[in-house]
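So the chains spell out like this:
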Amino acid sequence: MNKESYVKVVAGIAALGGLLFGYDTGVMSGALLYITPEFNMTAHQEGWVTSMLLVGAAVGALTAGRIADRFGRRFTLIAGGIIFVLGSIWCALAGSVTMLATARTFLGFAVGAVSIVSPMYISEMVPAKIRGRMVSLNTLLIVVGQLLAYLVNSALAPTESWEWMLGLAAVPGAALAVGMLFLPETPVWLATHNKMARAREVAGRAGMDLAELTSQETARRSSGSEWKALKANRWMQVTVLLAMLMGLTQQITGVNAIVYFAPTMMSQVGISTTNSVYTSIVIGVVSVIACWVGLKVVDRIGRKRLLLIGLTGNVISLFILSVAYSHAADSTTMAMVSLVFMASFIAFQQAAVSPTTWLLISELVPLQVRGLGMGIAGLSLWATNWAVAQYFLPLVEWLTGPVAFGVFGVLGLIAIGYTRILVPETMGRSLDEVGEEMKSRYGRESAPVKP
């Protein structure tokens, strides 16, 4: 197998974490329609069951980086796959709202862990010139996972078998765990644990120079020094905060309000339950096509420019959706217009916003605080995701759907503003080079580092 093919296989297996992430976040959009009447759930309970996955994900994202630093990226992804298998079976066997919420929390830990470690692993295993495409493969498999969830939901809709909808995530979970058994640890992790010969071997196999990934200072550091390094270096603090902001940006326009609740929103304007499930397929197909387009252009257009294009499209779609949805209950035509602009929003999100924010998080966090910084950035993303899942439906009950979509549009305008000012371009640059730019911008030391 040549180097190019090898890199694609490595990225494809690691990106199965994205497939699992997508399936488990998307499957509830259809399963809720059958879980809710069985357990007689209120809107708050619907939000609770959906969002508890995200509570677990926030914890998983925060801790997974440190686990990956100590035991390895590969080990963490294997463990995540095993948790996916166990958590999916637990969800399928849940007999109450409380049990289902608890199982979703357990499953969420794996979702959060792989959401951080999969792009981390890929970014450390591929040459800089194709890093954008390969890391974005993780984002592509997230939306493929969501589409798979929608197709499973639609296939099982006539039987109302929500247990199978939730339980089938065990299959790709097993594939991730088994697949990672055949892949090596990343050169960065090997180098930072004084396994330089093996690091050079793995880097050479993937067609890259070890210098692309780690400086000698980084190679000598121990993972236990990350808090000290972060506290002592202002530029690292600012960079991690910017990575956190990228996590916030991905969620700030309410993408998961549509991913999680599109069938619920469409059923509220008179579309039948079964047909509402089918609307998710439209969203899913658009997501996959758009993400594929984004994967093709992310290493050509540039991260910052593509992010701004996506956010602008999001804002326009949300304001039109707000108007259309306000008339959807009285007009089939306006209901279809609402669906079209939900799809338009998703197209901009998945072609531009999601790939660039995941990619920027993996590229911005300094190598010296890699595990800790990625965990903190992941916590920001998942905390915002949780807030959307928990409060979107109650917000719709309180303010109505059109106002809720309008609020997301205003937040998108704010995101455009700070993206223009703060986000650097990282395309085609090594992780060390990105770190050097951030150090030159914000390099004032805040305190000496004690040996």
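Draft legend 1. Just the overall build of the chain, in detail. Tallying secondary structure elements over the chain gives 21 helices and zero strands in all. Counting only residues that meet the buried cut, the chain has 63% of its 451 residues in that class. In the structure as shown, the chain presents an accessible area of about 16300 Å², 66% of it carried by carbon and sulfur atoms.

Draft legend 2. Geometry of the packing of helix α7 (residues 131–156) against helix α18 (residues 332–364). For the pair α7 and α18, the least separation of the axes is 9 Å and the interaxial angle reads 125 degrees. Considered as vectors, α7 and α18 are oriented oblique to each other. For the element pair α7 and α18, the recorded crossing hand is right-handed. Counted together, Arg131, Gly132, Val135, Ser136, Thr139, Ile142, Val143 and Gln146 of α7 and Gln350, Ser354, Pro355, Trp358, Leu359, Ser362 and Glu363 of α18 form the full contact between these two elements. Counted by class, the contact of α7 with α18 contains six nonpolar, seven polar and two charged residues.

Draft legend 3. View of unusual backbone geometry. A positive phi is found at Asn40, a non-glycine position, where the angle reads about 55 degrees. Relative to the helices and strands, Asn40 is located in the loop between α3 (28–39) and α4 (43–71). Taking the relative accessible area as the measure of exposure, Asn40 reaches 65% and is therefore exposed. One non-glycine residue with positive phi stands out, namely Asn194, at about 60 degrees. By secondary structure assignment, the location of Asn194 is in the loop between α10 (187–192) and α11 (196–205).

Draft legend 4. Spotlight on the confidence of the model for the chain. Taken residue by residue, the chain gives an average pLDDT of 83. The fraction at 70 or more is 90%. Mean pLDDT in the chain bottoms out at helix α12 (residues 216–220), which sits at 43, and peaks at helix α5 (residues 73–93), which reaches 94. Low pLDDT, under 50, characterises residues 446–451; the stretch is placed with ten contacts to residues that sit more than four places away or in other chains.

Draft legend 5. Highlighting α3. Taken across its twelve residues, α3 has ten buried, putting it largely inside the fold. Residues of α3 that are buried: Met28, Ser29, Gly30, Ala31, Leu32, Leu33, Tyr34, Ile35, Thr36 and Phe39. At the C-terminal side of α3, Asn40 shows a positive phi close to 55 degrees.

Draft legend 6. Seen up close, a nonpolar patch on the surface. Where nonpolar side chains cluster on the molecular surface, the patch consists of Ile82, Leu86, Trp90, Met99 and Phe106 and spans about 430 Å² of accessible area. Those elements giving two or more residues to the nonpolar patch turn out to be α5 and α6 (97–123). Broken down by element, the residue count for the nonpolar patch peaks at three residues, all from α5. Within the secondary structure, Phe106 sits in helix α6.

Draft legend 7. Examining the packing of aromatic side chains more closely. For the structure shown, the criterion picks out five aromatic pairs. Aromatic pair Phe39 and Trp162: ring centres 5.8 Å apart, planes at 65 degrees, arrangement edge-to-face. Highlighted residues: Phe39 in helix α3 and Trp162 in helix α8 (residues 162–167), separated in sequence by 123 residues. Geometrically, the ring pair formed by Phe71 and Phe75 is tilted, given 5.5 Å between the ring centres and 45 degrees between the ring planes. Owing to a relative accessible area of 46%, Phe71 belongs among the partly exposed residues under this scheme. Overall, the relative accessible area of 44% leaves Phe75 in the partly exposed class. Positioned above the aromatic ring of Tyr6, the side-chain terminus of Arg205 is 4.1 Å from the ring centre.

Quick notes on the rules
Residues numbered from 1 in each chain as written. Predicted model: local features only at pLDDT ≥ 70, side-chain atom pairs only at ≥ 80, totals over all residues. Heavy atoms only, no water. Helix = DSSP H or I, 4+ residues; strand = E, 2+ residues; numbered from the N terminus. Buried < 20%, exposed > 50% of the residue type's maximum accessible area, 1.4 Å probe, protein only. Areas by Shrake-Rupley, 256 points an atom, 1.4 Å probe, with all protein chains shown as cover. Axes fitted to C-alpha atoms, helices over the stretch in contact; angles between N-to-C directions. Parallel < 35°, antiparallel > 145°, perpendicular 65-115°, else oblique. Left-handed = near helix turned anticlockwise from the far one by under 90°. Contact = heavy atoms within 4.5 Å. Nonpolar A, V, L, I, M, F, W, Y, C, P; charged D, E, K, R; others polar. pLDDT = per-residue confidence, 0-100. Patch = residues over 30% accessible without salt bridge, like charges linked within 9 Å, V, L, I, M, F, W, Y side chains within 5 Å. Salt bridge = Lys/Arg side-chain N within 4 Å of Asp/Glu carboxyl O. Phe/Tyr/Trp six-rings, centres within 6.5 Å; stacked < 30°, edge-to-face > 60°. Lys NZ or Arg CZ within 6 Å of the ring centre and 35° of its normal.

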